[in-house]
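Results of the structural survey
Below, each chain spelled out in residue letters.
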Amino acid sequence: MANEKLTPEQIHELIMKAKERKANKPLDVTREEGMYIRYQLQLKGYTYAGLAAELECSRSAIQKVVTGQAHSRRIEKEVAGVLGFESWNTMLRTIRAAA
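Computed from a predicted model, the values in this text were never measured in an experiment.

Side note on the pattern of salt bridges
If you walk through the whole model with that rule in mind, you get 1 salt bridge. Residues Glu 33 and Arg 96 are paired through a salt bridge, measuring 2.6 Å at the closest nitrogen-oxygen approach. Residue Glu 33 is found in helix 2 (residues 31-43), and its partner Arg 96 is found in helix 6 (residues 88-98); the two are separated by 63 residues along the sequence. Assessed through its relative accessible area of 36%, Arg 96 is described here as partly exposed.

So this is what it looks like as structure tokens:
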């Protein structure tokens, strides 16, 4: 397989798959963005402990995701949803655009 030559179509397909994986990868959060997300959660009446209870995970798991120390698609999706966004990446792009 190492000596196998790829056709231009196969190369294009590999590039498109790589771009799709990159587009679906969650964006990283800065310290300031994490603080802003926590503030927005508090305005809506949520705490890390409250979200953790709803999601059946630890408070520290929520904290690590919001502060960018860890990724969890499930937690990211729920936090974004609570704040009225369809996805984590959409939320971060909106925050960044407003800054």
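Considering unusual backbone geometry
Phi at Glu 56 is positive, roughly 55°, even though this residue is not glycine. Tracing the backbone through its elements, the reader meets Glu 56 in the loop between helix 3 (48-55) and helix 4 (59-66).

Thoughts on the packing of aromatic side chains
For the structure shown, the criterion picks out 0 aromatic pairs. Over the aromatic face of Tyr 48 sits the side chain of Arg 38, whose NZ or CZ is 4.6 Å from the ring centroid.

Digging into helix 3
Every buried residue of helix 3 is listed here: Tyr 48, Leu 51, Ala 52 and Leu 55. Mapping the buried residues of helix 3 onto a view down its axis gives an arc of 100°, with all of them on the same face. Every exposed residue of helix 3 that faces more than 90 degrees away from the buried side is listed here: Ala 53 and Glu 54. At the exit of helix 3 stands Glu 56, carrying a positive phi of roughly 55°.

Some words on the environment of Lys 25
Along the chain, the position of Lys 25 falls in the loop between helix 1 (8-24) and helix 2. Remark: the alpha-carbon pair of Lys 25 and Ile 37, spanning 12 residues in sequence, is separated by 19 Å. Not counting residues up to four positions away in its chain, the partners in contact with Lys 25 are Arg 73 and Asn 89.

Side note on the nonpolar core
With 19 residues, the main nonpolar core has Ile 37, Leu 41, Ile 62, Val 79 and Trp 88 as its most contacted residues. Looking at this core, the elements with two or more residues in it are helix 2, helix 3, helix 4, helix 5 (73-82) and helix 6. For Ile 62, the contacting residues outside a window of four places in its chain are Tyr 48, Leu 51, Ala 52, Leu 55, Cys 57 and Ile 75.

Details of the packing of helix 3 against helix 4
Where helix 3 meets helix 4, the closest approach of the two axes is 8 Å, and the angle between their N-to-C directions is 110°. Compared by their axis directions, helix 3 and helix 4 come out roughly perpendicular. Crossing angle aside, the handedness with which helix 3 passes helix 4 is right-handed. Of the residues in helix 4, those in contact with Tyr 48, Ala 49, Leu 51, Ala 52 and Leu 55 of helix 3 are Arg 59, Ile 62, Gln 63 and Val 66. The residue inventory of the contact of helix 3 with helix 4, partitioned by class, reads 7 nonpolar, 1 polar and 1 charged.

Cut-offs applied
Residues numbered from 1 in each chain as written. Predicted model: local features only at pLDDT ≥ 70, side-chain atom pairs only at ≥ 80, totals over all residues. Heavy atoms only, no water. Salt bridge = Lys/Arg side-chain N within 4 Å of Asp/Glu carboxyl O. Helix = DSSP H or I, 4+ residues; strand = E, 2+ residues; numbered from the N terminus. Buried < 20%, exposed > 50% of the residue type's maximum accessible area, 1.4 Å probe, protein only. Phe/Tyr/Trp six-rings, centres within 6.5 Å; stacked < 30°, edge-to-face > 60°. Lys NZ or Arg CZ within 6 Å of the ring centre and 35° of its normal. Arc of directions from axis to C-beta. Contact = heavy atoms within 4.5 Å. Core = buried A, V, L, I, M, F, W, Y, C linked by side-chain atoms within 4.5 Å. Axes fitted to C-alpha atoms, helices over the stretch in contact; angles between N-to-C directions. Parallel < 35°, antiparallel > 145°, perpendicular 65-115°, else oblique. Left-handed = near helix turned anticlockwise from the far one by under 90°. Nonpolar A, V, L, I, M, F, W, Y, C, P; charged D, E, K, R; others polar.

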